[in-house]
Amino acid sequence: MKGRALPPWLIAITAAVYAFLHIPLLVLVAFSFNDSKFVNWEGFTFRWYQELMEKDALFEALWVSLEVGIASTVLSAVLGTLLAMGLARHRFAGRTVMESLVYVPVVTPEIMVGVSLLLLFGWFRLDLGIDLPPMLKIIIAHVAFNISFVTIVVRARLEGMDRNLEEAAMMLGADEITAFWRVTVPQLWPGILSGALLAFTMSFDDYVITSLLTGAGSSTLPILVYNMAAKNIEPTINAISTVILVGTTLLIYASERLTRDQPLKH
Amino acid sequence: MLPGTVWLLAFFLIPLLFMFAASFLKPVTYGGVDAGFTFSHYLRFFEPNNLAILWRTVVYSLACTALCLLAGYPVAYVISVAGKWKNFLVFLTVLPFWTSFIVRTFAIMFLMRDTGVINTVLQALGLISEPLPLMPSVLAVMVGLVSGFLPFMVLPIYTSLEKLDPSLLEAAEVLGARPFARFTQVVLPLSMPGVVAGSLLVFIPSLGSFVTTDLLGGGKTVFIGNLVQNQFMKVGNWPFGSAASFVMMSMVLVAVLYYLRRRDQAQAMGA
Amino acid sequence: MLAPSPKVADFMAEPVVEFRNVSKSFAGQKAVRGISFHIDQGEFFSILGPSGCGKTTTLRLLAGFEVPDADGGEVRIHNEVVNHRRPYERKLAMVFQNYALFPHLSVERNVAFGLEQRKVPKAQIADRVRGALDMVRLDPKQYGPRPPAALSGGQRQRVALARALVLEPSILLLDEPLGALDLKLRKEMQLELMSLNRRLGITFVYVTHDQEEALTMSDRIAVMDNARVAQLAPPAEIYERPRTAFVAKFIGESNFCSGEVVAVEQGGLVVKRADGNLVAARGGDGRAIGDHVQISVRPERVELALPSEGPGGHNRLPARVRQVVYRGEMLHVRATLGDGSEMVAAMRNEGQLRQPVAWQAGTECAVTFSPDDARVLDEDPQ
């Protein structure tokens, strides 16, 4: 297949698809620098970004999103990694059931996760008298949703790993715990990192579950953006969107550099 | 591994079971459930307006899947033969997947609404005098769904094309197959696992979507997800909302079972 | 009798490894059933067998990755029962089949790993790592800082060896260590491993499915079949006096014939084949007249004669040449006996172009062999 020129129509389709995916975002970014409240171009400006800086609600939402994102990422990374190791390395009764339990959240629409937890927390409140703080509810929900993704990513990495490596470490005098930290974990790092990154973006980006669980209550960044988008007047939303876009792109790029398999430096 | 399992049980599986139970109970005004078994919430799906919602959800989701396949397969193929451009194209493909869903939806609104970029430009050029009714519309919903889920289609297909052994194509060529035959008889069948997996990954979130339909479709494209959200957040009929969720889940299940059967068939063939 | 070499004298010492009636099952399936053997200090001991025969399980039982069944006997190292000792408590070293080099550590760090576990002072570690790499003939300066992925197969093999030897173990386990190398490199490494064994006085326990490798390198070979040790002996004895049909077939090639015992002699038997011909063979202690036995003869011990030539009597079977197979340094002449069975005679190739052998397909002949070269086989255990 190599060295053969692609037919032009195939290249045209591909270019059109990428245009379709990316042009809306590029237009959005361009207009975030437009010195007009409307869509007609009136010159370059940073004024929407300056306005952003003065919005306290925005920084509060950003802070909430970061807290939720980091807490749920750490929790789901740890729990998901342990679960992946258990599934990949041990044979036990009920293993297939547990495996299905891991895969079900992946194919369950987010809205179901949201409303079912809404029911659970409603029961907590009405019948048990426990009213969890909104942020805790969101974190619980995000972890429930993200464990599976971390488990699947880490497990794929584990399966590609040579089992003999741990045995080799033990033959060289390392006990199980040393072998785990000095051999298994370094091998798994790229998997754990990409699982965690996936978890973080899904948590940071989540509108559906958060909006169902907290209503108008504690506001994360996506909820704030949604409310602005639904009202659809303020030009600052272009600026926020641009900041989010640039932020995620940098994050993805950095993680790609970080997790790429590269020869180790001495 | 225990804490992870407990978490999944407590905050994923048990809530679903709760909701399943709730779907047979009596509603309480403004949220909550009351004792008493009833099947009536499920029977409501045979009412014409609810049937229409179900039908629309399935048809639009299938259409979205088909569009993603048509647009995604060529892209996946191009990436798989792109040589040194491969990493860059993969990056371009996954980028939208990582960027905020709400931001992407807003970007489409920004282009398509009455005062959006497209209408403004067309009016400035004098091509139209009144804004085109681009949004809210079915078209806008499709644009939103397809641009949202396209990466899910491209990546699995790309992965299965990437695994394809180039010597198989050379073998086909030596045996006299022309490019079109090589594609239909070698490349396409061997990439079916990716096509089926990608279709599942597009179809399922599409079935469950409600934000896209809400923002881009207005009231014109009510999906079952909108119904669920309405029952829980506005109407307050939790049992009916729960029943609607499980109707949605049953459609997902049908799709997953179909996928598993196809996969097992493929494995039985030794593909 | 030969005078005992220094190595044979060592055999008198206490065994370093001992298996006493060891069994191991997986899910009810016996992977190793009641095997017993001992390995002596400094010995090059090979465990040879086809895949699934239990050789890898045996090695893993010795390494400590598997624990014998509850009633599954004893594994002893230096006369101490180690059944439940973890691998890192056994002070063995091992070279793995795919080397199992840690991909995230450089060559030096791989070799240093075991020393670090043993809390060897840092200053010593650097010296010993360098020494170990020198021993396997890898330049420490050049290769030490590299990641394993940047090495060739043969170099990785050497690193794996250095990583094991740096610990100065008294016993080194090797699990098919040469399997991934090409033929030339394999031959080279065989000689190198043998010389390391002799020079360092370390006991080698070597698992392989390659019979030629085992014959070349070993002091003794345990041939395993169906979870048991089929024969345990030095290479020459394994080859020249195979105990069972399995051993005769697995190591080298063999001709088989069978019949009923008609006479029991000193150190041998006379057997009557179904076609009435008599065959005399060595071995077969404890067999009685009327027993049905199987006999094996190596092809290079079989000779062909014209029907009119050569001695008569026992071990002369009329046959017809079916095919002459050209194998380079040898020629294999396949002949069909009266009862339809086949025997192969291997003969040196004296130059087919200059002096072609007289045998051609269809030639009438007689297959002959000395009774000393024919072995009565034990039954394969079920």
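Please refer to the structure placed before this passage.
This report concerns the structure included in the present document. (Residues numbered from 1 in each chain as written. Chains lettered and ligands numbered in written order. Predicted model: local features only at pLDDT ≥ 70, side-chain atom pairs only at ≥ 80, totals over all residues. Heavy atoms only, no water.)

**Remarks on the packing of aromatic side chains**
And then number 1: For the coordinates displayed, the defined rule picks out 37 aromatic pairs over all chains.
And then number 2: Seen from their ring centres, Phe 46 of chain A and Tyr 49 of chain A are 6.2 Å apart, and the 70° between their planes marks the pair as edge-to-face.
And then number 3: Taking relative accessible area as the criterion, Phe 46 of chain A reaches 49% and is therefore assigned partly exposed.
And then number 4: Aromatic rings pair up to connect Phe 20, Phe 24, Phe 37, Phe 39, Tyr 42 and Phe 246 of chain B into one cluster.
And then number 5: Here Arg 163 of chain C stacks its cationic end above the ring of Phe 102 of chain C, 4.8 Å away from the centre of that ring.
And then number 6: For the cation-ring pair, Lys 249 of chain C lies above Phe 256 of chain C, with the distance from its terminal atom to the ring centre recorded as 5.7 Å. (Phe/Tyr/Trp six-rings, centres within 6.5 Å; stacked < 30°, edge-to-face > 60°. Buried < 20%, exposed > 50% of the residue type's maximum accessible area, 1.4 Å probe, protein only. Lys NZ or Arg CZ within 6 Å of the ring centre and 35° of its normal.)

**Description of unusual backbone geometry**
Most peptide bonds take the trans configuration, and most residues that are not glycine carry a negative phi.
And then number 1: Omega for the peptide link from Met 135 of chain B to Pro 136 of chain B comes to 0°, which places this bond in the cis form.
And then number 2: With respect to the helices and strands, the residue Pro 136 of chain B is situated in the loop between helix 6 (117-124) and helix 7 (138-162).
And then number 3: Of note, Tyr 99 of chain C is a non-glycine position whose phi angle comes to about 75°, a positive value.
And then number 4: Mapped onto the elements, Tyr 99 of chain C comes out in the loop between strand 6 (93-95) and helix 3 (107-117).
And then number 5: Positive phi is not limited to glycine here, since Ala 100 of chain C has a value of about 50°.
And then number 6: Relative to the helices and strands, Ala 100 of chain C is located in the loop between strand 6 and helix 3. (Helix = DSSP H or I, 4+ residues; strand = E, 2+ residues; numbered from the N terminus.)

**So, the packing of helix 6 (residues 134-160) of chain A against helix 1 (residues 2-22) of chain B**
And then number 1: For the pair helix 6 of chain A and helix 1 of chain B, interaxial distance at closest approach is 9 Å and the crossing angle is 120°. Here helix 6 of chain A is positioned oblique relative to helix 1 of chain B, judged by the angle of their axes. When the axes of helix 6 of chain A and helix 1 of chain B are compared, the crossing they make is left-handed. In contact with Ile 140, Val 143, Ala 144, Ile 147 and Ser 148 of chain A of helix 6 of chain A, helix 1 of chain B contributes Gly 4, Trp 7, Leu 8 and Phe 11 of chain B. (Axes fitted to C-alpha atoms, helices over the stretch in contact; angles between N-to-C directions. Parallel < 35°, antiparallel > 145°, perpendicular 65-115°, else oblique. Left-handed = near helix turned anticlockwise from the far one by under 90°. Contact = heavy atoms within 4.5 Å.)

**Topic: a nonpolar patch on the surface**
And then number 1: A cluster of nonpolar side chains, Ile 70, Val 74, Val 78 and Leu 82 of chain A, forms an exposed patch at the surface whose accessible area comes to about 340 Å².
And then number 2: When you line up the elements, Val 78 of chain A lands in helix 3 (residues 56-89). (Patch = residues over 30% accessible without salt bridge, like charges linked within 9 Å, V, L, I, M, F, W, Y side chains within 5 Å. Areas by Shrake-Rupley, 256 points an atom, 1.4 Å probe, with all protein chains shown as cover. Salt bridge = Lys/Arg side-chain N within 4 Å of Asp/Glu carboxyl O.)

**Let's talk about the interface of chain C and chain A**
And then number 1: Counting residues at the interface gives 29 residues for chain C, matched by 21 residues for chain A.
And then number 2: Each partner contributes to the roughly 2,300 Å² buried at the junction of chain C and chain A, and carbon and sulfur atoms together form 62% of this total.
And then number 3: Ionic pairing is found between Arg 182 of chain A and Glu 116 of chain C, a salt bridge with its closest N-O pair at 2.9 Å.
And then number 4: At the boundary of chain C and chain A, one finds seven residue pairs in polar contact (both at pLDDT 80 or more).
And then number 5: Residue assignment for the side of chain C that touches chain A shows that the elements contributing at least two residues are helix 2 (55-63), strand 6 and helix 3 of chain C.
And then number 6: If you tally residues by element for the side of chain C that touches chain A, the top one is helix 3 of chain C, at six residues. (Buried area = accessible area lost by both parts, 1.4 Å probe. Polar contact = N/O pair within 3.5 Å; in protein donor to acceptor, adjacent residues only side chain to side chain.)

**Let's talk about the interface of chain A and chain B**
And then number 1: Contacts between the two partners involve 70 residues from chain A, matched on the other side by 74 residues from chain B.
And then number 2: Surface buried jointly by chain A and chain B totals about 6,900 Å² across both partners, of which 85% is contributed by carbon and sulfur atoms.
And then number 3: Our count for the chain A to chain B interface comes out at zero salt bridges.
And then number 4: Along the contact surface separating chain A from chain B lie seven residue pairs in polar contact (both at pLDDT 80 or more).
And then number 5: Looking at side-chain class alone, the side of chain A that touches chain B contains 54 nonpolar, 14 polar and two charged residues. (Nonpolar A, V, L, I, M, F, W, Y, C, P; charged D, E, K, R; others polar.)

**Looking at the nonpolar core**
And then number 1: By size, the foremost hydrophobic cluster in this structure holds 153 residues, and its most contacted members are Ile 111 of chain A together with Phe 45 and Ile 224 of chain B.
And then number 2: Excluding anything up to four places from it in sequence, Ile 111 of chain A contacts Val 208 and Leu 212 of chain A together with Gly 208, Phe 210, Gly 225, Val 228, Gln 229 and Met 248 of chain B.
And then number 3: Grouped together as the second largest cluster of nonpolar side chains are 90 residues, Ala 84 and Met 85 of chain A together with Ala 112 and Leu 115 of chain C included. (Core = buried A, V, L, I, M, F, W, Y, C linked by side-chain atoms within 4.5 Å.)

**A look at the pattern of salt bridges**
It is possible for side chains bearing opposite charge to pair when their charged atoms get close.
And then number 1: All told, the structure shown has 33 salt bridges over all chains when counted by the stated rule.
And then number 2: With a shortest N-O distance of 2.6 Å, Glu 212 of chain C and Lys 187 of chain C are connected by a salt bridge. With Glu 212 of chain C in helix 8 (residues 211-217) and Lys 187 of chain C in helix 7 (residues 183-200), the pair connects residues that are 25 residues apart, well separated along the chain.
And then number 3: Among the residues examined, Lys 187 of chain C registers a relative accessible area of 34% and is labelled partly exposed.
And then number 4: A salt bridge links Glu 253 of chain C to Arg 327 of chain C, with the shortest nitrogen-to-oxygen separation between them at 3.3 Å. Of this pair, Glu 253 of chain C sits in the loop between helix 10 (245-250) and strand 11 (255-265) while Arg 327 of chain C sits in the loop between strand 16 (316-326) and strand 17 (330-337); the two residues are 74 residues apart in sequence, bridging distant segments of the chain.
And then number 5: A relative accessible area of 46% means that Arg 327 of chain C is categorised as partly exposed.
And then number 6: Here the residues in one salt-bridge network are Arg 95, Glu 99, Arg 155 and Glu 159 of chain A, joined through shared partners.

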